[in-house]
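Structure at a glance
Here is what each chain is made of, one letter per residue.
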Amino acid sequence: YLSKPPQFIIHEKIKLYLIIDGTYFTEGLCLVLYYDSQLKYSLLYRFSSNEFYREIKEDLENLKLLGIDIAAVTCDGKKSIINAVRKVYPDSTLQRCTVHVQRMVRAWLTRKPKLQPAIELRYLIGLVHHIKTMVEYHMWAIAVKQWYKRNQVMIEQKVYRSQTNRWWYKHRKLRRSAIMVIKALDDMFHFIADSNIPKSTNGLDSYFGHLKSNLAIHRGLSKEHRKGFILWY
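This text gives an overview of the structure that appears in the document. (Residues numbered from 1 in each chain as written. Predicted model: local features only at pLDDT ≥ 70, side-chain atom pairs only at ≥ 80, totals over all residues. Heavy atoms only, no water.)

A word on the packing of helix α4 (residues 116-125) against helix α6 (residues 172-184)
The line we're drawing: A fitted line through C-alpha atoms represents every axis, and for helices the fit uses only the stretch in contact; the resulting angles, taken between N-to-C directions, go from 0 to 180 degrees. Counting from the N terminus, the helices are the DSSP runs of H or I reaching at least four residues and the strands are the DSSP runs of E reaching at least two. Left-handed describes a crossing whose near helix is turned anticlockwise from the far helix through less than a right angle; right-handed describes the clockwise counterpart. Should any heavy atoms of two residues lie within 4.5 Å, those residues are considered in contact. Any residue that is not Ala, Val, Leu, Ile, Met, Phe, Trp, Tyr, Cys, Pro, Asp, Glu, Lys or Arg is counted as polar, Gly included; the first ten are nonpolar and the last four charged.
Orientation of α4 relative to α6, taken along the N-to-C sense of each, is 35°, at an axis distance of 11 Å. Here α4 runs over α6; the crossing is left-handed. Contacts between α4 and α6 involve P117, A118, L121 and I125 from the first element and L174, S177, A178 and V181 from the second. Of the residues assigned to the contact of α4 with α6, the class counts are seven nonpolar, one polar and no charged.

Some thoughts on the pairing of strand β5 (residues 93-96)
To keep things clear, this is the line we draw: One requirement defines pairing of two strands: DSSP has to find at least two bridges between them. When the strands point away from the viewer, a crossover counts as right-handed if the route from the first strand across the helix to the second turns clockwise.
As judged from the four bridges shared by strand β4 (residues 70-75) and β5, these two strands associate in the parallel manner. Looking at the pairing, A72 lines up with T93 of β5. Read as a crossover between parallel neighbours, the route from β4 over helix α2 (residues 79-88) to β5 is right-handed.

A short note on the pairing of strand β7 (residues 166-169)
Both strand β6 (residues 158-161) and β7 contribute to a ladder of four bridges, which runs antiparallel. Its bridge partner lying in β7, K158 is registered against Y169. Between β6 and β7, which pair antiparallel and follow one another directly, the connecting turn spans four residues, one of which, N165, has a positive phi of 60°.

Observations concerning the sheet that holds strand β2 (residues 30-36)
Whenever strands of a sheet pair, they do so through backbone hydrogen bonds, lying parallel or antiparallel. An order of β3-β2-β1-β4-β5 is seen for the five strands of this open sheet, with the pairing classed as mixed. Each edge of the sheet is formed by a strand with only one pairing partner; in this case those strands are β3 (41-48) and β5. Here the strands of the sheet are splayed against their neighbours by 20° on average, with no regard to which way each runs. Sitting on the sheet, helix α8 (residues 202-217) is in contact with β1 (16-24), β2 and β3, with an inclination near 40° to β1.

As for the environment of G22
Position of G22 relative to the elements: it lies in strand β1. A sequence separation of 176 residues divides G22 from P198, and the C-alpha atoms of the two residues are 17 Å apart. With residues near it in sequence (within four places) discarded, G22 still touches L31, V32, E51 and F208.

Set out below in structure tokens:
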């Protein structure tokens, strides 16, 4: 069974709403999945060692040749995925996973940040899951941009470190969080205008979690047999 997994069948469909995400296993194995969020169906997969732009672009080009029309793609913000989608399907909507943005900013700022700008940004990012309308989105976006403008000097502040003989950003985690939110701002709330667009990759994350739990029962499988197990799943 493991050496003869089932063959994937790609269904032609108009206005497909995809979730594209990758997950990692031991021995450098990465599974990139192209998941139809409406049919709850794995449209396409790729085994690799990472989420590479060249490979994702190739996969999308093959889907396009098969007549697959992608209306929207939800992803966690990986540059390789974003750039590949914009290259191959420039007219499709790109939705950033709101949960991923929230999770990363909270992790970088910690639960109890000491800097006032960090406290304010953590509060703003906590409002994301309450936004349900375009009016609420625009109000929130304005608040974020005003926050960035007020605190830009601190965010971009640099200090000289003699150990490395280089200038570094003084508040690196604050700056990292700010840049992530500002860059994601325009692509976080497309789901409001089109309810078919998943606002997060959570559905696929739970899918991956269940797969790994089942795979963990069968410890000791070779790499090729693990690939077969994953395809049967």
